[in-house]
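The lines below spell out each chain.
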Amino acid sequence: MSLLDRTLDPLPRRAKLEGRSTHSAFGWFSSETVRSARRYDDVSWARLCCPAVVAILLLGWAEAMAGSDIQAILRIAGFAGLAMSAWGLLSRLIGQLRRKD
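Calculation notes
Residues numbered from 1 in each chain as written. Predicted model: local features only at pLDDT ≥ 70, side-chain atom pairs only at ≥ 80, totals over all residues. Heavy atoms only, no water. Helix = DSSP H or I, 4+ residues; strand = E, 2+ residues; numbered from the N terminus. Contact = heavy atoms within 4.5 Å. Areas by Shrake-Rupley, 256 points an atom, 1.4 Å probe, with all protein chains shown as cover. Salt bridge = Lys/Arg side-chain N within 4 Å of Asp/Glu carboxyl O. Buried < 20%, exposed > 50% of the residue type's maximum accessible area, 1.4 Å probe, protein only. Expected span 1.5 Å × (residues − 1). Bend = angle between axes of the 7 residues up to and from the residue. Polar contact = N/O pair within 3.5 Å; in protein donor to acceptor, adjacent residues only side chain to side chain.

Caption draft 1: Expanded view of the overall build of the protein chain. Counting secondary structure elements, the protein chain contains 4 helices and 0 strands. Along the protein chain, from the amino end to the carboxyl end, the secondary structure elements read α-α-α-α. In the protein chain, 45% of the contacts between residues at least 6 apart in sequence involve partners at least 24 apart. By element, 65% of the accessible surface of the protein chain is carried by carbon and sulfur atoms, the whole surface being about 7,700 Å².

Caption draft 2: View of the pattern of salt bridges. Inspection of the entire model under this criterion finds 1 salt bridge. Between Glu-63 and Arg-75 there is a salt bridge; the shortest N-O distance is 2.7 Å. Here Arg-75 lies in helix α4 (residues 70-97) and Glu-63 lies in helix α3 (residues 45-64), a separation of 12 residues in the sequence. Judged by relative accessible area, which is 47%, Glu-63 ranks as partly exposed. On the basis of relative accessibility, which here comes to 33%, the residue Arg-75 falls in the partly exposed class.

Caption draft 3: Representation of α4 in the model. Given a rise of 1.5 Å per residue, 28 residues ought to cover 40 Å, and the 40 Å separating the end C-alpha atoms of α4 matches this to within 8%. When the local axis directions of α4 are compared, the greatest deviation, roughly 30°, occurs at Ala-86. Inspection of α4 places Gln-71, Leu-74, Gly-78, Gly-81, Ser-85, Gly-88, Leu-89, Ser-91, Arg-92 and Gly-95 among the buried residues, and these make up the whole buried set.

Caption draft 4: How the structure looks around the side chain of Ser-85. Note that Ser-85 resides in helix α4. Judged by its relative accessible area of 8%, Ser-85 falls in the buried class. A distance of 3.3 Å separates a polar side-chain atom of Ser-85 from the backbone oxygen of Leu-82. Those residues in contact with Ser-85 that lie beyond four places of it in its chain are Leu-48, Pro-51 and Ala-52.

Caption draft 5: View of the side chain of Arg-92. Mapped onto the elements of the fold, Arg-92 is located in helix α4. Residues contacting Arg-92, with those up to four places away along its chain left out, are Arg-39, Tyr-40, Asp-41, Val-43, Ser-44, Trp-45 and Leu-48.

See the structure below:
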């Protein structure tokens, strides 16, 4: 397959269109795919929980290193990791609670 054939192929879609218009969607993704991506529906809970678990372990390690110079760095890294992983976890939880309406 030449580069020209790959260029002219239609881009793959991540969600089924089911007769819906894609004019209001972002780029060439369908509206259903955009909503799914905003709610992290296609990402597993284990993948979303791993950074949070690592951040909690860093915070625990910081408490174990009481009185050390590295304790402040570990606390900052732990709280930053929790803040960054909270977005994905909360988005997935909200999407599941709303039952993808």
